[in-house]
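For reference, the chains in residue letters:
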Amino acid sequence: MSTKALKGPTIPPIIQLIEAITHPTERLDAYAKQYGDIFISKLSGFRPFVLFSHPQAIQQILTADPNLFDSGLANQILHPLVGDYSLLLLDGERHQRQRKLLTPPFHGDRMKSYGKLICEITEQVMNKSAIGEIFSARSVMQEISLRVILKAVFGLDETERFGRLRTLLSSILDSVGSPLSSSLLFVPSLQQDLGTWSPWGRFVRQKQEINELIYAEIHERRAKNNTSGEDILSLMMSATDEAGQTMTDEELKDELMTLLFAGHETTASALAWAFYWLHKLPEVTEKLLKELNSLGSNFDPNEVVRLPYLTAVCQETLRIYPIAMFTFSRILKAPYQIMGYDFEPGTQLTPCIYLTHQREELYPEPKKFKPERFLERQFSPYEYLPFGGSNRRCIGMAFAMFEMKLVLATVMSQWQMNIAQTKPVKPVRRGITLAPSGGVKMSIVGKKQLQSIPVQV
Ligand code: HEM
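**Thoughts on the overall build of the protein chain**
Here is step 1: Of the regular secondary structure elements, the protein chain holds 20 helices and 12 strands.
Here is step 2: Taken against the 2.2 N^0.38 rule, which gives 23 Å for 457 residues, the C-alpha radius of gyration of the protein chain at 22 Å falls within 12% of a compact globule.
Here is step 3: Referenced to the eigenvectors of the C-alpha coordinate spread, the extents of the protein chain come out at roughly 65 × 55 × 45 Å.
Here is step 4: Burial statistics for the protein chain: of 457 residues in total, 54% are counted as buried.
Here is step 5: Contacts spanning at least 24 positions in sequence make up 72% of the contacts within the protein chain whose residues lie at least 6 apart.
Here is step 6: Of the accessible surface of the protein chain, which amounts to about 19600 Å², a share of 54% is contributed by carbon and sulfur atoms.
Here is step 7: Across the protein chain, the 50 positively charged side chains and the 48 negatively charged ones have centroids separated by 4 Å.

The structure is reproduced here in structure tokens:
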């Protein structure tokens, strides 16, 4: 694989897989300490991963010609959730074409038009929790982010169909959401449909019902010739390729599922972490509230988004425990050299976001939550990369940051909360992502004087 010999853990791949599922960050910390910036990790059932945490190596991977790699091929683990035609699983020209279509709705004015809606949905969902009631911050944030993405994708979220879709999406993601149940995705031999009561049987039936709901919406719109709306489904239904072909129902369904899945789980976990840090560190809350108060009670989402300390809080939240521990793997299609190592075609190169964000020389005291680091210096896209990079960089990056800031600003300026979780909160696996253990139990202590912040649009 490489002329300069690569080191890495020698314990059996099955044990490495178990460690990756049950202790995802602890194992990475330990292996980086032992083997350094570049090491090889073998997980049973997967081709070996070469993990990188050196910015120079990451730069070499993310600035190389994207045609040198296949990445969709490395994402097959997500196939049961998103289907054959998902952007996440595509490579080459088809990937490029779909990406071009799906990126603009999550940027610029289209994105900004969701500002008021995000604040309103946040208030509605938060108002459901009574004072003193203990709730999981992650579940509440998931309800907010799911409603936001449903609205962006379909233009609707309040019909019976969308209520059912919401319940099913939360449930199917929860079914592969604990460290143990994540094994269903990682170990294909566990994917046995043994009826409604078996874990995989339930998964398959829920996925089937989700597909049917999405198809029903597509068919209804086709029948009514209703594809001229501002929402993303309308845009996808009216798009044509060079040959004048529109997307098939199956392609539409898989792409919608991709956006619904990628577009809310991640943001919900990030927000739960942000609330955890804000309530664990009162000095951070104090600085944030001071900044929010400077806007007065009549805040404009576009001003909120520019607040430096709020931005730094979001950046530090995604640094310390990045929701995606790795970028997608890049599978080499031709020989390539990185920092003196020669890699053969077929090698799976994987920038490790988590380990890069833990580098002491970049982030002194890396285990400490310090938003100030982002005010004091700038980091290159190879030193700080919570959304990955190059031709696979997250298409929802701007949207996720926009949503995080507006939800945080809305909640922090109106509600006073406490952490109610007695067990320590630590990063645990949730499917292929990292989430706070226990979901961060919180309770509302009170609602501030200001009853509702009128939002300018
Ligand atoms: C805090 C929230 C989020 C985080 C941390 C995150 C992180 C990531 C990362 C690390 C990647 C892989 C990039 C790479 O391999 O270079 C990715 C890809 C992707 N993300 Fe996100 N994401 C977030 C929110 C969103 C949202 C809101 C959407 C919805 C639009 C979204 C849609 C996608 C899609 C479709 C891809 C695949 C891009 C491709 O294959 O070309 N993500 N995301």
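Next, the rest of the story.
**Considerations on the sheet that holds strand S1 (residues 38-41)**
Here is step 1: If you trace the 5 strands from one edge of the open sheet to the other, you get S1-S2-S8-S5-S3, paired in mixed fashion. Every interior strand has two partners, whereas the edge strands, S1 and strand S3 (69-70), have only one.
Here is step 2: Across 4 bridges, strand S2 (residues 49-52) lies against strand S8 (residues 348-351) in parallel orientation. Across the sheet, the residue bridging to phenylalanine 52 is proline 351, located in S8.

**Topic: the site of the ligand**
Here is step 1: Of all residues adjacent to the ligand, which total 26 residues, the nearest are His95, Arg99, Phe328, Arg330 and Cys394.
Here is step 2: Between the ligand and phenylalanine 328, the relevant distance is 2.9 Å, taken from an oxygen atom to a main-chain nitrogen or oxygen of the residue.
Here is step 3: The contact in question runs from an oxygen atom of the ligand to an N or O atom on the side chain of arginine 330, over 2.8 Å.
Here is step 4: Contributions of two or more residues to the shell around the ligand are made by helix H5 (92-102) and helix H14 (265-280).
Here is step 5: Its residues assigned to classes, the shell around the ligand comprises 13 nonpolar, 9 polar and 4 charged.

**Description of the packing of helix H17 (residues 308-320) against helix H20 (residues 397-414)**
Here is step 1: One way to put it is that H17 packs onto H20 with a least axis distance of 10 Å and a crossing angle of 115°. Once H17 is placed against H20, the crossing between them reads as right-handed. Residues Leu310, Thr311, Cys314, Gln315, Thr317 and Leu318 of H17 pack against Met401, Met404, Lys405, Leu408 and Ala409 of H20.
Here is step 2: The residue makeup of the contact of H17 with H20, split by class, is 7 nonpolar, 3 polar and 1 charged.

**Comments concerning the nonpolar core**
Here is step 1: Core analysis: the biggest nonpolar cluster contains 126 residues, and Met141, Phe154, Leu165, Phe275 and Met417 have the highest contact counts within it.
Here is step 2: Residue contacts for phenylalanine 275: discarding those within four places in its chain leaves Met141, Leu408, Val411, Met412, Met417 and Met442.

**Points about the coordination of the iron atom of the ligand**
Here is step 1: Among all protein atoms, only Cys394 (SG) binds the iron atom of the ligand, sitting 2.3 Å from it.
Here is step 2: Examined against the element boundaries, cysteine 394 turns out to sit in the loop between helix H19 (373-376) and H20.

**Points about the environment of threonine 258**
Here is step 1: Positionally, threonine 258 belongs in helix H13 (residues 249-262).
Here is step 2: Given the relative accessible area of 4%, threonine 258 is considered buried.
Here is step 3: Each C-alpha atom of the pair threonine 258 and leucine 89 lies 9.8 Å from the other, and the pair is 169 residues apart in sequence.
Here is step 4: Ignoring sequence-local partners within four residues, the contact set of threonine 258 consists of Val82, Ser86, Leu87, Leu88 and Gly263.
Here is step 5: At 2.7 Å, the side chain of threonine 258 and the backbone oxygen of aspartate 254 are in polar contact.

**Observations regarding the side chain of serine 437**
Here is step 1: Note that serine 437 resides in the loop between strand S11 (433-436) and strand S12 (441-447).
Here is step 2: The exposure class of serine 437 is buried, given its relative accessible area of 13%.

**A closer look at helix H15 (residues 282-293)**
Here is step 1: For H15, with 12 residues, the first-to-last C-alpha span of 16 Å sits near the 16 Å given by 1.5 Å per residue.
Here is step 2: By the burial criterion, the buried members of H15 are Val284, Thr285, Leu288, Glu291 and Leu292. The buried residues of H15 occupy an angular sector of 130° when the element is viewed end-on, so they sit on one face. Seen from the open side of H15, the exposed residues pointing more than 90 degrees away from its buried face are Pro282, Glu286, Lys290 and Asn293.
Here is step 3: For H15, the secondary structure elements touched by its buried residues are H14, H17 and H20.

**Thoughts on the side chain of lysine 405**
Here is step 1: Looking at the element boundaries, lysine 405 is found in helix H20.
Here is step 2: Buried charge without a salt bridge: lysine 405, with glutamate 291 as the nearest opposite-charge side chain at an N-O distance of 9.1 Å.
Here is step 3: Side-chain polar atoms of lysine 405 contact the backbone oxygen of valine 305, separated by 2.9 Å.
Here is step 4: Non-local contacts of lysine 405, meaning those with residues more than four positions away in its chain, are made with Val304, Val305, Leu310, Thr311 and Cys314.

**A short note on the packing of helix H7 (residues 115-126) against helix H8 (residues 137-154)**
Here is step 1: Axis separation between H7 and H8 bottoms out at 10 Å; the angle between their running directions is 140°. Handedness of the H7/H8 crossing: right-handed. Only Val140, Met141, Glu143, Ile144, Arg147, Val148 and Lys151 of H8 make contact with H7, whose side of the interface consists of Leu117, Ile118, Ile121, Thr122, Gln124, Val125 and Met126.

**Points about the pattern of salt bridges**
Here is step 1: Here the structure, examined in full by the defined rule, presents 26 salt bridges.
Here is step 2: Linking arginine 392 and aspartate 91 is a salt bridge whose minimum nitrogen-to-oxygen distance equals 3.4 Å. Of the two residues, arginine 392 is situated in the loop between H19 and H20 and aspartate 91 in the loop between helix H4 (79-82) and H5; the sequence distance between them amounts to 301 residues.
Here is step 3: Overall, arginine 392 belongs to the buried group, its relative accessible area being 8%.
Here is step 4: The partner of arginine 205 in a salt bridge is aspartate 193, with the nearest N and O atoms 3.0 Å apart. Here aspartate 193 lies in the loop between helix H10 (183-186) and helix H11 (199-224) and arginine 205 lies in helix H11, a separation of 12 residues in the sequence.
Here is step 5: Judged by relative accessible area, which is 37%, arginine 205 ranks as partly exposed.
Here is step 6: Overall, aspartate 193 belongs to the partly exposed group, its relative accessible area being 41%.
Here is step 7: Beyond isolated ion pairs, a larger network of salt bridges with shared partners links Arg161, Glu217, Glu220, Arg221, Lys224 and Asp231.

Cut-offs and rules
Residues numbered from 1 in each chain as written. Predicted model: local features only at pLDDT ≥ 70, side-chain atom pairs only at ≥ 80, totals over all residues. Heavy atoms only, no water. Helix = DSSP H or I, 4+ residues; strand = E, 2+ residues; numbered from the N terminus. Rg over C-alpha atoms; globule rule 2.2 N^0.38 Å. Buried < 20%, exposed > 50% of the residue type's maximum accessible area, 1.4 Å probe, protein only. Contact = heavy atoms within 4.5 Å. Areas by Shrake-Rupley, 256 points an atom, 1.4 Å probe, with all protein chains shown as cover. Lys, Arg positive; Asp, Glu negative; His and termini not counted. Charge placed at Lys NZ, Arg CZ, Asp CG, Glu CD. Pairing = 2+ DSSP bridges. Near = heavy atom within 4 Å. Polar contact = N/O pair within 3.5 Å; in protein donor to acceptor, adjacent residues only side chain to side chain. Nonpolar A, V, L, I, M, F, W, Y, C, P; charged D, E, K, R; others polar. Axes fitted to C-alpha atoms, helices over the stretch in contact; angles between N-to-C directions. Left-handed = near helix turned anticlockwise from the far one by under 90°. Core = buried A, V, L, I, M, F, W, Y, C linked by side-chain atoms within 4.5 Å. Donors = N, O, S within 2.8 Å, 3.2 Å for Na, K, Ca; no water. Expected span 1.5 Å × (residues − 1). Arc of directions from axis to C-beta. Salt bridge = Lys/Arg side-chain N within 4 Å of Asp/Glu carboxyl O.

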